[in-house]
Amino acid sequence: MISYKCWLLIIISPFLLSCSTSLDDYENTTPKFDLPSYFNGNVTAWGIVQDYSTKLTRRFCVDIIGTWQGDKGQLHETFYYNDGEQQIRIWDLNISTDGNVTGGAADVIGQASGKSKGTAFNWQYTLRVPVGDTEYDLFVDDWMYLLNDKRMMNRSYMKKFGITVAEVSIFFDKTAPVRKCN
C-alpha cells in the first residue's frame, strides 16, 4: 500500500517539474547582452536539433550577417543542414525605447517578441516548420546567454500544445577571423 507521503509526492511532482526560469533571474549578471552589438556584422553558429526523446535528429551550421540602422536591424541567416538542405531566414527587427524587441521573418507566424536582462535574451515566436509534406506551427521559447563579447549559447524549446517536441542548442562565435560554414 502506498503511504500518504508517496501520494502527496506523486500529486505535486508535476508542479515541481514545471518551474521555469524568469528573465528577471539574470538582471544583475554580466556581460550585458546587447542585441545590436552582438549581431552586428558576421557571426557563425553551429547547432543540433533533438526530438522530444532527446534523440539527435539534425546538425547544422548557420552564417549570419547582421546590419543595423539605429534601432532597426536585419539578420540574414543561411542555414546549412547535415542532410544537405539549405534554408534562409531574414529577420527584420525593431527595438523600442523600453528595450523590447519585436520582429518577423517569412516563416514566423505573427510577431516575435523579446527582451534582455543581464547576460540573457529571451525571444518568443511561432515558427512554421516543414516536416515532409506537412507544416507545423510551433511555439519557440528561445534563450540566448552571452558568454563574452565573441561567444554565445542558445537553447530553444519548440512546443506544440504546450508540450516540448524539440530542443535546439546553438553555439555562436564571432571571433575574428569569423569562420564560415562552407
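Placed above this text is the structure.
Residues numbered from 1 in each chain as written. Predicted model: local features only at pLDDT ≥ 70, side-chain atom pairs only at ≥ 80, totals over all residues. Heavy atoms only, no water.

Some thoughts on unusual backbone geometry
Put simply, T30 and P31 share a cis peptide bond, and its omega is 0 degrees. One can find P31 in the loop between α1 (4-17) and α2 (35-38). Residues A176 and P177 are joined by a peptide bond in cis, for which omega reads -10 degrees. The residue T54 is not glycine, and still its phi comes out positive at about 70 degrees. Tracing the backbone shows T54 in the loop between β1 (41-51) and β2 (56-69). One non-glycine residue, F161, lies in positive phi territory at about 55 degrees. One can find F161 in the loop between β9 (151-160) and β10 (163-173). (Helix = DSSP H or I, 4+ residues; strand = E, 2+ residues; numbered from the N terminus.)

A look at the pattern of salt bridges
Within the structure shown, the criterion is met by 10 salt bridges. Ionic pairing is found between R155 and E167, a salt bridge with its closest N-O pair at 2.4 Å. Of this pair, R155 sits in strand β9 while E167 sits in strand β10, and the two are 12 residues apart along the sequence. What makes E167 partly exposed here is its relative accessible area of 21%. When salt bridges that share partners are traced, they join D24, E27 and K117 into one network. (Salt bridge = Lys/Arg side-chain N within 4 Å of Asp/Glu carboxyl O. Buried < 20%, exposed > 50% of the residue type's maximum accessible area, 1.4 Å probe, protein only.)

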